[in-house]
Amino acid sequence: MTAAGTAGYGAEFHPYVDLSTIGAVVTKSLAPYEWPGNPAPRLHPVRAGMMNSVGLQGPGIGEWLERTLPEIIATGADVVCSIWGRSIEDYRAAAEMLADAPDSVVAVEVNLSCPNLEGRGGIFAHDPALSAEVVAATAACARPRWAKLSPNTDRIVEVARAVTEAGAEALTLVNTLLGLTLDPSTLRPTLGNGGGGLSGPAIHPIAVRAVADVRAALPDVPIVGVGGIADTFDAVELMAVGASAVQIGTALFAEPTALARVRDGLVVEARRRGLSSVSGLTGLAVL
Ligand code: RRO
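Now for a description of the structure that goes with this document. (Residues numbered from 1 in each chain as written. Predicted model: local features only at pLDDT ≥ 70, side-chain atom pairs only at ≥ 80, totals over all residues. Heavy atoms only, no water.)

**Some words on the overall build of the protein**
From N to C terminus, the protein includes 8 helices and 11 strands. In summary, the protein has a C-alpha radius of gyration of 18 Å against a globular reference of 19 Å for 287 residues, a match within 12%. Each of the three principal axes of the protein carries a C-alpha extent, and together these read 50 × 50 × 40 Å. Across the protein, contacts joining residues at least 24 apart in sequence account for 70% of those joining residues at least 6 apart. Carbon and sulfur atoms make up 53% of the accessible area of the protein, which amounts to about 12,000 Å² in all. Measuring between centres, the 20 positive side-chain charges of the protein sit 5 Å from its 29 negative side-chain charges. (Helix = DSSP H or I, 4+ residues; strand = E, 2+ residues; numbered from the N terminus. Rg over C-alpha atoms; globule rule 2.2 N^0.38 Å. Contact = heavy atoms within 4.5 Å. Areas by Shrake-Rupley, 256 points an atom, 1.4 Å probe, with all protein chains shown as cover. Lys, Arg positive; Asp, Glu negative; His and termini not counted. Charge placed at Lys NZ, Arg CZ, Asp CG, Glu CD.)

This is the structure we're talking about:
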């Protein structure tokens with residue numbers, strides 16, 4: 001799958017990879033309303049990754065359903081709609097707006113872990129009870145909900161347990177890490193909003209650890225692994241520690257076709273290990 005936030009809201013990657021041949025297109029997170037996002041610059045490349053502070057810019061779910069979703073559906077892709085809000089009521093409204101979405105919207109990813117959400121006193125996914133309340137409020141979307149969690153906490157297992165008890169069918173692990181970079185001449189932050197979220201190969205071992213820890217505690221909950229996948233083995237690693245599927249994000253900025261390269265690499269890797277399907281890679285790690 002594409003990772004939320006790295007492939008837009010529509011079918012813009014279709015010229016590079018037939019989107020009907022990947023797991024799903026995961027949208028950038030959408031709120032029940034239009035949101036302007038943060039001041040530029042919003043992206044900044046760093047060693048082994050990227051910093052971002054996009055600030056949740058988006059057209060709102062209503063506009064997306066009407067104008068952009070049809071172009072993804074036309075490609076034959078499955079769609080996972082990522083949602084965000086500043087309050088529990090926002091998440092509830094977002095879920096209600098998706099209740100009658102076409103069947104191509106196969107799941108809703110409840111983004112509890114944006115690092116660039118100003119003015120609400122922290123990341124939802126650092127608080128197990130609050131995260132559970134958000135997930136419970138999103139049942140109206142009437143399709144499987146995946147909770148996207150934060151690596152910026154040592155409570156990820158607790159949060160994972162709380163959100164699955166509240167109705168999340170799967171967990172997407174992990175979002176970006178809080179970071180800050182400076183411009184070498186001005187010594188001001190490189191991003192328009194100050195700090196941001198770090199993604200890319202730098203965070204890959206952190207994602208692998210998060211998936212392994214959550215899988216050990218909750219072996220029956222499906223996990224979608226995401227964090228710094230650039231090559232096939234990165235995806236194999238996330239699956240081996242317990243992910244049932246993976247998402248690719250930062251690598252797409254330099255190489256949109258990485259989606260197909262890693263997908264095909266997983267098939268080869270499964271065969272090489274004598275497995276009849278890629279899903280056989282899940283849980284193979286010897287820990
Ligand atoms: O929009 C963003 O700034 C953003 C989001 Br919603 C997120 O979940 N993770 C991230 O690194 N950036």
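After that view of the structure, there is still more to cover.
**Let's talk about the packing of aromatic side chains**
Under the defined criterion, the tally for this structure stands at 5 aromatic pairs. Measuring from ring centre to ring centre gives 6.1 Å for Tyr-33 and Trp-84, while their planes differ by 85°; the resulting arrangement is edge-to-face. Residue Tyr-33 is located in the loop between strand 1 (25–26) and strand 2 (43–46), and its partner Trp-84 is located in the loop between strand 4 (79–83) and helix 2 (88–97); the two are separated by 51 residues in the primary sequence. An angle of 90° between the planes, with centres 5.4 Å apart, marks the rings of Tyr-91 and Phe-124 as edge-to-face. Linking Tyr-91 in helix 2 with Phe-124 in the loop between strand 5 (105–111) and helix 3 (128–136), this pair joins segments that are 33 residues apart in sequence. A connected cluster of aromatic rings, assembled from ring pairs, spans Tyr-33, Trp-35 and Trp-84. (Phe/Tyr/Trp six-rings, centres within 6.5 Å; stacked < 30°, edge-to-face > 60°.)

**Focus: the pattern of salt bridges**
For the structure shown, the criterion picks out 9 salt bridges. We note a salt bridge from Glu-89 to Arg-92, for which the minimum N-O separation is 3.0 Å. Of this pair, Glu-89 and Arg-92 both sit in helix 2, 3 residues apart, which is roughly one turn of that helix. Among the residues examined, Arg-92 registers a relative accessible area of 31% and is labelled partly exposed. (Salt bridge = Lys/Arg side-chain N within 4 Å of Asp/Glu carboxyl O. Buried < 20%, exposed > 50% of the residue type's maximum accessible area, 1.4 Å probe, protein only.)

**As for the site of the ligand**
Every residue lining the ligand is accounted for by Lys-28, Asn-52, Ser-53, Val-54, Gly-55, Leu-56, Asn-111, Cys-114, Pro-115, Asn-116, Asn-175 and Thr-176. Note that an oxygen atom of the ligand is positioned 2.8 Å from one of the side-chain N or O atoms of Asn-52. The separation between an oxygen atom of the ligand and a polar main-chain atom of Gly-55 is 2.7 Å. Protein chains shield 92% of the accessible area of the ligand, which is 320 Å² for the free molecule. By residue class, the composition of the shell around the ligand is 4 nonpolar, 7 polar and 1 charged. (Near = heavy atom within 4 Å. Polar contact = N/O pair within 3.5 Å; in protein donor to acceptor, adjacent residues only side chain to side chain. Nonpolar A, V, L, I, M, F, W, Y, C, P; charged D, E, K, R; others polar.)

**Thoughts on the sheet that holds strand 3 (residues 49–52)**
Sheets are built from strands that pair by backbone hydrogen bonding, the pairs being arranged parallel or antiparallel. Strand order in this open sheet of 4 strands is 2-3-9-8, and the pairing throughout is antiparallel. Every interior strand has two partners, whereas the edge strands, strand 2 and strand 8 (177–179), have only one. Adjacent strand axes in the sheet meet at a mean angle of 35° when their direction is disregarded. Here strand 8 runs beside strand 9 (residues 196–199); their pairing, made up of 3 bridges, is antiparallel. Following the sheet pairing, Leu-177 is matched in strand 9 by Leu-198. (Pairing = 2+ DSSP bridges. Axes fitted to C-alpha atoms, helices over the stretch in contact; angles between N-to-C directions.)

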